[in-house]
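Structural overview for review
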Amino acid sequence: MAVIRMAGALVDLDDVSVRFGAQRALDGVDFTVRRGEVVALVGANGSGKTTLLRVLHGVIAHAGERRIAPGLRHAMVYQRPFLLHLSALRNLLIGLWLADRAAARDAQRPSAHGRAERLERARAALARVGLDALASRSARSLSGGEQQRLALARGWATRPKLLLLDEPTSSLDPAARQDVEMLLKGFAADGMTLVFSTHDLAQARWLATRIVHLEAGRIDADLSSADFFRSVAEGGIRAFSPGEPAWSRTR
Amino acid sequence: MSGVAASAATALELIIHADPELVRTVALSFMVSGTACFVGAWLGVPAGAWLAAARFSGRRAVLIALDTLLALPSVVAGLVVYLLLSRSGPLGSWGILFTPTAMVIAQTILVLPVVAALARQVVADGLAEGGEQLHALGAGPVLRAALMLVHARWAVVTLLLVAFGRAVSEVGAVMIVGGNIAGVTRVMTTSIALETSKGDLPLALALGLVLLSLVALLNVVVALVPRSPGLAGATWR
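The numbers attached to residues start from 1 for each chain and follow its sequence in the written order. As they are written, the chains are lettered A onward and the ligands numbered 1 onward, keeping that order. Totals for whole chains, interfaces and linings use every residue, but because this is a predicted model, local features are given only for residues with pLDDT of at least 70 and side-chain atom pairs only at 80 or more, for both listing and counting.

Residue and element names in this part refer to chain A. Being paired, for any two strands, means DSSP has found at least two bridges between them. Secondary structure counts use DSSP, requiring at least four H or I residues in a row for a helix and at least two E residues in a row for a strand, with both numbered from the N terminus. Ordered in space as 6-7-8-4-9-10, the 6 strands form an open sheet in which the pairing is mixed. The open sheet has two edge strands, strand 6 (74–77) and strand 10 (218–224), and neither has a second partner. Going from strand to strand, the sheet's axes swing by 15° on average, the running direction of each strand aside. Here 4 bridges tie strand 6 to strand 7 (residues 162–166), and the two strands are oriented parallel to one another. Following the sheet pairing, Met76 is matched in strand 7 by Leu164. The contact criterion used here is simple: two residues whose C-beta atoms, placed from the backbone, lie within 7 Å are in contact. Lines fitted to C-alpha atoms define the axes here, with helix axes fitted over just the stretch in contact, and angles between the N-to-C directions of these axes take values from 0 to 180 degrees. Each of strand 6 and strand 7 is contacted by helix 4 (residues 144–157), which is oriented at about 175° to strand 6, the strand it contacts most.

Dropping the structure here:
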């Protein structure tokens, strides 16, 4: 695994491409995530947002180079989180156990965390996302919003420096969406670096400090949030228009 | 018609009064098939899970062979075990032909492909849904497969019940390697075949009723196994 040396950079992609059969999902992408950023990936379906997140997390093969900061802890929350047929608490404990094992393997030393500490961290994570009362409920019997919050807790509990989120609110009702957005705002306020994909420009505007627009597997625009929306308003970025429902959603 | 009715009445009497021969035969059937399923589960479930997770050259051929063995006729399994255990066979020195142990071996060979193939399918389905996310959490291939077995434990219970049903209802293998010796290797299915050929319909019918009831009971249990632990409230804490 290549290690990044750039100050403040957590992950750096250099000329990264991904193919799924004949389809090119990412095409020569250069992309750097810096500490403390909240990056929104926007673009149409199939533009490469999810693939970019998967490359950042290191779970799919790609061409080009991916460099990460030494010892960087990172976690990913998927659009439809996979939860085991176990209680919410047990799902968190297994997530923590897996993360500790992986960290110990990377550091080539035994895990420093015992079961008691993992239990404490799992309960703290459930409390952080407001699910402490549902710890013993089967994760699969929770509502969509609660499942997404549990997945966020699973990611947050591993204390990642970088949290990647694939359309974390796409299948949620407005109330559940707002809950998740508030949590993400809180994570960012705590100093966690976030990269999330979304179709919701209002969400991107509210949460993100930087917006990356993807089109056909390429980065079409990579701007600060203010510059991005100025460019959209001026017609510089035509993939979205102010008339779209996502744009006009108010808070 | 009256002959059948009289046989059925006598059969019910045998069941109600727990006829010793009937009880002994049923008990041996449970012992043999239960042991075969136990061994088949210990070997077949991990093997199936591993086949779902592992990638190696020749994997497709192994899967085709496994699917072929699903249709293995019980008499063929019996014949193979007979050839291995007969006095002139490679394992003839063990001296276990025409014993319940030989019957367990034959039935294990029958249920093993069923258990392995169904376990592989259960784990493969789970991995298709959540394999990448478990990988993203830090689980390697073996751990992902093991977690999927925990995740789909009720499906595993169901497949073991299916395997037991296959074992307890087969006749060819146990007939060949057991020899249908009264009080030693006589199980329900071999006894039904023998008593029918002898014309002792009441005992055959009684055993048939017990076997049918057992299969019905298994089906009821399979139907009651929760598809989702959450729905059944069977959360594993």
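Don't stop here, the text continues.
Note on definitions: a nonpolar core is a set of buried residues drawn from Ala, Val, Leu, Ile, Met, Phe, Trp, Tyr and Cys, linked by C-beta atoms within 7 Å. Residue burial is a threshold on neighbouring C-beta atoms within 10 Å of the residue's own C-beta, all placed from the backbone, with 20 or more meaning buried, 12 or fewer meaning exposed, and counts in between meaning partly exposed. With 137 residues, the main nonpolar core has Leu92, Ala153 and Leu194 of chain A together with Ala106, Val115, Ala119 and Val177 of chain B as its most contacted residues. Looking at this core, the element that brings in the most residues is helix 5 (residues 100–137) of chain B, giving 21 residues. For the domains described, the bounds stem from an automatic or database domain assignment. Of the domains in this structure, domain 1 (1–72 + 161–251) and domain 2 (85–159) of chain A are the two that each give at least three residues to this core. When residues no more than four places from it in sequence are discounted, the contact partners of Ala119 of chain B are Gly44, Val45, Gly48, Ala49, Val156 and Leu159 of chain B.

All right, on to the packing of helix 5 of chain B against helix 6 (residues 141–151) of chain B then. Residues and elements named next belong to chain B. Between helix 5 and helix 6, whose axes approach to 9 Å, the crossing angle comes to 120°. Relative to helix 6, the element helix 5 lies oblique. Our pair here, helix 5 against helix 6, has a crossing hand that is right-handed. The residues of helix 6 that touch helix 5, namely those facing Val123, Gly126, Leu127, Gly131, Leu134 and His135, are Arg144, Ala145, Leu147, Met148, Leu149 and His151. As a working rule, the residues Ala, Val, Leu, Ile, Met, Phe, Trp, Tyr, Cys and Pro are called nonpolar, Asp, Glu, Lys and Arg charged, and the rest polar, with Gly in that last group. Grouping the constituent residues of the contact of helix 5 with helix 6 by class yields 7 nonpolar, 4 polar and 1 charged. Any angle that is under 35 degrees is reported as roughly parallel, and any over 145 degrees as roughly antiparallel; angles of 65 to 115 degrees are reported as roughly perpendicular and all others as oblique. A crossing counts as left-handed when the near helix is turned anticlockwise from the far one by less than a right angle, and as right-handed when that turn is clockwise.

Residues and elements named next belong to chain A. Counting buried positions over the 5 residues of strand 4 (residues 38–42) gives 5, a clear majority of the element. Burial of strand 4 is two-sided: the residues Val38, Ala40 and Val42 facing one way and the residues Val39 and Leu41 facing the other way are all buried. Across 4 bridges, the pairing between strand 4 and strand 8 (residues 193–197) is parallel. If you follow Ala40 over to strand 8, its bridge partner there is Phe196. Note that strand 4 and strand 9 (residues 210–215) share 4 bridges and pair parallel. In the sheet register, Ala40 faces strand 9, and the bridge partner there is Ile211.

Our next topic: the sheet that holds strand 1 (residues 2–3) of chain A. Residue and element names in this part refer to chain A. The sheet built from 4 strands is open, its strands ordered 1-5-2-3 with mixed pairing. Lying at the two open borders of the sheet, with one neighbouring strand each, are strand 1 and strand 3 (23–34). Across 5 bridges, strand 2 (residues 9–20) lies against strand 5 (residues 63–68) in antiparallel orientation. Bridging across to strand 5, Ser17 finds its partner in Ala63. Of the strands in this sheet, strand 2, strand 3 and strand 5 are in contact with helix 1 (residues 49–57), which crosses strand 3 at around 55°.

Note that every value here comes from positions in space, so none of it alone points to a role or purpose.
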